[in-house]
Amino acid sequence: MWGEYLEIIWGFVKAFAVGGSICMIAQIVINFTDLTAGKILVVFMLVGVALQGLGLYRYLVEFAGAGATVPISGFGYLLANGAIKGAEKGFFGAFTGALSAASAGISAAVIFSFLMAMFFKSKSKKN
Amino acid sequence: MQTIFFNNKPKIVATGTIAGPKESAGVVGRYVDKTLTDDMYGETTYEKAECKMLSYAIAQAIQNAGLTEQDVDLLISGDLLNQIISASFAARDFDFPFLGVYGACSTMAESMAVGAAFVNAGYHKKVVAATGSHFSSAERQYRYPLELGTTRPPQSQWTVTGAGGVLIADMGASNGYPAITAATFGRVVDYGITDVNNMGAAMAPACMDVLLNHLRDTGRKARDYDLIVTGDLGALGSRILKDLTWEKGVDIQPNHVDCGEIVYNVIEDEFQGGSGAGCSALVFNAYIMDKIKKRELNRVLFVATGALLSTVSSGQGESIPCIAHAVVIENEV
Amino acid sequence: MTGKNRENYNKNYIAYVNSFDPPTQHFKNCFRAFLVGGFICCIGQFIRIVYEKVFGLYGDELAGLVSVTLIFLGTLLTGLGVYDRIGRYAGAGSIVPITGFANSVCSPAIEFKTEGLVYGLAAKMFVVAGPIIVYGVLAGTAVGLIYLFL
């Protein structure tokens, strides 16, 4: 009984530590270079793709759960993982695997953004 | 000679100004004709709001001069948006000719100088020069969407929401109004700054260039002016300007003030102060002109500075060419 | 000022301007990024556990729905005008999580709605986030093809 709760709490601690660390690394990169938000996202996504391409990122996902999948590098992991799984089925799978795996996220971003844009308008800033 | 002298003394008869909510809280709030509580100004888009503010400033300048639309011969105006839409759309509301000018944030000094030249030459009797800017429309054109969660770098300035206009007229021998006595058109100066957030540093050399040329052409010293008002260099840019001019043997320290530096009360998220075409238009036409009319200041050098970049040029890695124009406003004593 | 001389002066001037840069507050920035980034990941972990224990989801469906929920929260906070405030405080802490991706899709959509539903909202929607999809697909497919031929 207690063991299960402890495991959940330990899961949160790991997610916080790993997720926070990834964001902190991004902040260090921003501090020392002139990369803008868009470029940071691309770089970290590519890092995720590369690490999973080498078969490494999944260990981080197993260890930290949401701490590794929520940052944008987790999106890269998803793309690479989908492509690798697709490649097992053949050429067509390798071709479609990446975007199929990411389809939920992209669809959600498009649909919710569209709805929010219908409901809200941009607010001007006082400070 | 870069400087032209207006011997027939075109007069600044009246000004019209309007300030956004954030600007109204600052020093100009007590001097402007209208303060807004809503920066949409009852419109649906920020561009329409900017246009409406500019229209207001033009109409108010005419009204404050005790004139009507039929009396005005020419409107000279510009703004920061692509194809100066605010100025030309505002001109649509008026029944007199329109001359569009673009000098980024230096538009106020540029339009005043051009207007004074027309009046001095006798081509026109009454000319309105006006410009304005809006934080939200400038932000979405030059930077990011408003809701995008990015951090503002500490060198950045805050685009002023507001507009200002002046009515320049040939008043004959009448002595009651401040006159535009000289203008120095600036050269485009580029010292290789590429950081689009550091406008003050990019514009300071252009400002120094026109200032030194003006002093050389007129044979005056910086202390001959009651006040040297620069456009929107901000706190950092002003400091750089003082260093640059000091290096050339000119000390502007005692009588220099920067519109961008004084437009906001609290320098918090604005960091270096205000910027934008509306910044100098608002501070100069509302605050400084009030002091000139009350004869607390009698000879003022107004140097508005502008950064001539676009999102395309900075995207292609170009540095930021800048310009500044100087105008002398004097009370006859 | 032409040629070599000018380049020299530019370099001096740029060095002089850079000397005014306020020192970056590395510790404060990084600490905030760590805190907010970690917190967002914990929200993700919480949603994951709820979906897993309460709704009995697992595998790809679970991971996908966690992302979808976070993206919904990101777009909602963007619409309410809150996310850019968080971003100003947190820096990379709110950019890097998937909610930051949602923010970068949603904010131009809201912003450019005034230019119409087709050429405004829809066309500008991926003006910030588009590169992620482009390079993500390129890199992902490259990985897939490499695995195919290995």
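S.K.: Account for the overall build of chain A, with residues named and values stated.
M.R.: For chain A, the helix and strand inventory stands at six helices and zero strands. Counted from the first residue to the last, chain A has its helices and strands arranged as α-α-α-α-α-α. Radius of gyration (C-alpha) of chain A: 18 Å, far over the 14 Å computed for a compact globule of 127 residues. For chain A, the spread of C-alpha atoms along the three principal axes comes to 50 × 45 × 35 Å. Residues counted as buried form 50% of the 127 residues belonging to chain A.

S.K.: So what about the overall build of chain B? Which residues, and what values?
M.R.: Looking only at helices and strands, chain B has 10 helices and 14 strands in total. The C-alpha atoms of chain B give a radius of gyration of 18 Å, which matches the 20 Å a tight globule of 333 residues would have. When the backbone C-alpha atoms are referred to their principal axes, chain B occupies close to 55 × 50 × 35 Å. Looking at the 333 residues of chain B, the share that counts as buried comes to 59%. The contacts of chain B with a sequence gap of at least 6 include a subset with a gap of at least 24, amounting to 79%.

S.K.: An account of the nonpolar core is requested, with residue identities and associated values reported.
M.R.: All names here are of chain B. Core analysis: the biggest nonpolar cluster contains 113 residues, and Ile168, Ile180, Cys207, Phe302 and Val303 have the highest contact counts within it. Looking at this core, you find at least three residues from each of domain 1 (3-169) and domain 2 (179-330). Sequence-distant contacts of Cys207, defined by excluding residues within four places in its chain, comprise Thr230, Leu233, Leu241, Val303, Thr305 and Ala324.

S.K.: Requested: an account of the interface of chain A and chain C, with residues and values cited.
M.R.: Counting from both sides, the interface comprises 65 residues of chain A and, opposite them, 62 residues of chain C. For the side of chain A that touches chain C, the elements supplying multiple residues, two or more each, are α1 (2-32), α2 (37-53), α4 (66-69), α5 (72-89) and α6 (91-119) of chain A. At 18 residues, α6(A) tops the list of elements feeding residues into the side of chain A that touches chain C. Each residue belonging to the side of chain A that touches chain C can be placed in one class, and the counts come to 45 nonpolar, 18 polar and two charged.

S.K.: Describe unusual backbone geometry, naming the residues involved and giving the relevant values.
M.R.: All names here are of chain B. Despite not being glycine, Lys9 has its phi angle at roughly 55°, a positive value. Turning to its location among the elements, Lys9 is positioned in the loop between β1 (3-5) and β2 (11-19). On the basis of neighbour count, Lys9 is assigned to the buried category, with 21 C-beta atoms found within 10 Å. Look at Tyr41: it is not a glycine, yet its phi comes out positive at around 55°.

S.K.: Kindly report on the packing of helix α3 (residues 59-79) of chain C against helix α6 (residues 98-111) of chain C, identifying the contributing residues and their values.
M.R.: All names here are of chain C. Closest axis-to-axis distance for the α3/α6 pair is 8 Å, and the angle between their directions is 45°. Viewed along their axes, α3 and α6 adopt a mutual orientation that is oblique. As for the relative orientation of α3 and α6, their crossing is right-handed in sense. On the side of α3, the interface is formed by Ser67, Leu70, Ile71, Leu73, Gly74, Thr75, Thr78 and Gly79, while α6 contributes Ile98, Thr99, Ala102, Asn103, Cys106, Ser107 and Ile110.

S.K.: Tell me about the domain arrangement of chain B, and name the residues and values.
M.R.: All names here are of chain B. Looking at chain B, the domain boundaries give domain 1 (3-169) and domain 2 (179-330). Centre-to-centre, using C-alpha coordinates, domain 1 lies 17 Å away from domain 2. With 52 residues of domain 1 in contact, the opposing surface of domain 2 contributes 59 residues. Only β1, β2, α4 (107-121), β6 (126-133), α5 (135-142), β7 (158-159) and β8 (162-169) provide two or more residues apiece to the side of domain 1 that touches domain 2.

S.K.: Before we move on, can you summarise the environment of Asp71(B) with the specific residues and values?
M.R.: Residue and element names in this part refer to chain B. With respect to the element layout, Asp71 can be found in the loop between α2 (46-64) and β4 (74-79). Classification of Asp71 as partly exposed rests on a count of 14 C-beta atoms within 10 Å. Along the sequence, Asp71 and Val127 sit 56 residues apart, while their C-alpha atoms lie 9.3 Å from each other.

S.K.: Can you explain the packing of α1(A) against helix α2 (residues 26-53) of chain C? Please cite residues and give values.
M.R.: Taken N-terminus to C-terminus, the directions of α1(A) and α2(C) make an angle of 140°; their axes are 6 Å apart at the nearest point. If you check the angle between α1(A) and α2(C), you find them oblique. The element α1(A) and its partner α2(C) pack so that their crossing is right-handed. The class makeup of the residues in the contact of α1(A) with α2(C) is 18 nonpolar, 11 polar and no charged.

S.K.: Kindly report on the pairing of β8(B), identifying the contributing residues and their values.
M.R.: All names here are of chain B. Among the eight residues that make up β8, eight are buried, leaving the element largely enclosed by the rest of the structure. Side chains of β8 alternate between two faces, with Gly162, Gly164, Val166 and Ile168 and Ala163, Gly165, Leu167 and Ala169 buried alike. Sheet analysis places β2 next to β8, joined by eight bridges and oriented antiparallel. Bridge pairing links Ile18 to Ala163 in β8. In terms of strand pairing, β6 meets β8 through eight bridges, oriented antiparallel.

S.K.: Account for the pairing of β6(B), with residues named and values stated.
M.R.: Residue and element names in this part refer to chain B. Buried residues dominate β6, accounting for eight of its eight residues. The side-chain alternation of β6 yields two buried faces, one formed by Lys126, Val128, Ala130 and Gly132 and the other by Val127, Ala129, Thr131 and Ser133. One ladder, built from six bridges, connects β4 with β6; its direction is parallel. Note that in β6 the partner of Ser77 across the bridge is Ala130.

What counts, and at which threshold
- Residues numbered from 1 in each chain as written.
- Chains lettered and ligands numbered in written order.
- Predicted model: local features only at pLDDT ≥ 70, side-chain atom pairs only at ≥ 80, totals over all residues.
- Helix = DSSP H or I, 4+ residues; strand = E, 2+ residues; numbered from the N terminus.
- Rg over C-alpha atoms; globule rule 2.2 N^0.38 Å.
- Buried ≥ 20, exposed ≤ 12 C-beta atoms within 10 Å, placed from the backbone.
- Contact = placed C-beta atoms within 7 Å.
- Core = buried A, V, L, I, M, F, W, Y, C linked by C-beta atoms within 7 Å.
- Domains from an automatic or database assignment.
- Nonpolar A, V, L, I, M, F, W, Y, C, P; charged D, E, K, R; others polar.
- Axes fitted to C-alpha atoms, helices over the stretch in contact; angles between N-to-C directions.
- Parallel < 35°, antiparallel > 145°, perpendicular 65-115°, else oblique.
- Left-handed = near helix turned anticlockwise from the far one by under 90°.
- Pairing = 2+ DSSP bridges.

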